[in-house]
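Geometric and topological summary
Here is what each chain is made of, one letter per residue.
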Amino acid sequence: MEIDQKEIQNLYENVDNVWPKDDNWHLYSKFQIEKYLKKQNFSLSAYTLNAGSGGNDYGLISLNMHHRDLAENKINCFNNYSVGSIELLPQENDTFDNIICVGSVINYCDAVAVISEFSRVLKKQGTLYLEFESSYGYEHRKFEYYKSCAEVVQLKYFGNFWKQWIYSPKYIKMLLKQYGFKIVDDFRFHILSAYMYSNCQDENESAKYTKFDWILRHTLWKKHANNVLLKCVKL
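The structure contained in this document is the topic of the report that follows. (Residues numbered from 1 in each chain as written. Predicted model: local features only at pLDDT ≥ 70, side-chain atom pairs only at ≥ 80, totals over all residues. Heavy atoms only, no water.)

1. Structural notes on the pairing of strand E7 (residues 160–167)
We count it as follows: Strands were regarded as paired on the criterion that DSSP finds at least two bridges between them. For helices the rule is a DSSP run of H or I covering at least 4 residues; for strands it is a run of E covering at least 2, with both sets numbered from the N terminus onward.
Here strand E6 (residues 150–157) pairs with E7 via 8 bridges, running antiparallel. Following the sheet pairing, Val153 is matched in E7 by Gln164. Between E6 and E7, which follow one another and run antiparallel, lie 2 residues, and Phe158 among them has a positive phi close to 55°.

The following block contains the structure:
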């Protein structure tokens, strides 16, 4: 299976909010990402790429930020934006001080192409924040692709099934190392909630179990978290 970027573009251009307000699963994901990013020491003078932003600044409104997305109607409210895939960026080498790629955007892309481009446009000692959906997540434990390095699957979003890549943390970390990144932090969420979802297939019901993340991310259960956020530095 291949992922049709035009199909993804149409999806996001026609939804009101990429983080649905009645979807507790994804709202929790957004909350965890925002909380994590707000704890980072971003310089106000730094130039940051928000890759696949979907119109979200994650509360970092004071940053000098460039928004990149397939859906123009989600980012044309910003002064600094460009429309297109994050697999091929228009900027010159060593342009950005930081790159933020969250919301599992990379799961709709070729990870090799994206990480290669991030390495190219990020300055030396620049920081990359990369979040993705893991094939080790308990949500996937009943399927053949569970723990796969990289595979295109169909997952439910906005009530329908959409093609997307699913990656193992080991595979993504290998690519990051290959393209000159050092991983300095590994933050995970949706752990027990992912296990419950594999049983009931109800995101709002499963989201009730996110309250156990703060405990489980310090145990062996963390390797089965559905979502992984890596903080990396370009060497």
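We are not done yet, so read on.
2. Some points on the packing of aromatic side chains
Basically, it comes down to this: Here is the rule: rings of Phe, Tyr and Trp (six-membered ring for Trp) pair when centre to centre is within 6.5 Å. Planes less than 30 degrees apart are stacked, more than 60 are edge-to-face, and the remainder are tilted. Only protein chains enter the accessibility calculation, which uses a 1.4 Å probe; a residue whose area is less than 20% of its type maximum is buried, one above 50% is exposed, and one in between is partly exposed.
With the rule as written, the count across this model stands at 14 aromatic pairs. Residues Phe187 and Phe189 carry aromatic rings whose centres are separated by 6.1 Å and whose planes lie at 40° to one another, so their mutual orientation is tilted. We note that Phe187, like Phe189, is buried. Among the aromatic residues, those joined into a cluster by ring pairs are Tyr28, Tyr36, Phe42, Tyr129, Phe187 and Phe189.

3. Brief notes about helix H2 (residues 24–38)
What counts, and what does not: Each helix should span, by expectation, one fewer than its residue count multiplied by 1.5 Å.
A rise of 1.5 Å per residue sets the reference length of H2, with its 15 residues, at 21 Å; its end C-alpha atoms lie 21 Å apart and thus fit the reference within 8%. Among the residues of H2, Trp25, His26, Tyr28, Ser29, Gln32, Ile33, Glu34, Tyr36 and Leu37 are the ones counted as buried.

4. As for the pattern of salt bridges
As a reminder, the rule being used: Every case where a carboxyl oxygen of Asp or Glu lies within 4 Å of a side-chain nitrogen of Lys or Arg is listed as a salt bridge.
Tallied over the entire structure, the rule returns 7 salt bridges. Linking Lys123 and Asp97 is a salt bridge whose minimum nitrogen-to-oxygen distance equals 3.3 Å. Of this pair, Lys123 sits in strand E5 (residues 122–133) while Asp97 sits in strand E4 (residues 96–101), placing them 26 residues apart in sequence. Taking the relative accessible area as the measure of exposure, Asp97 reaches 23% and is therefore partly exposed. With a shortest N-O distance of 2.8 Å, Arg188 and Asp186 are connected by a salt bridge. Owing to a relative accessible area of 28%, Asp186 belongs among the partly exposed residues under this scheme. One network of salt bridges, with partners in common, ties together Lys173, Asp186 and Arg188.

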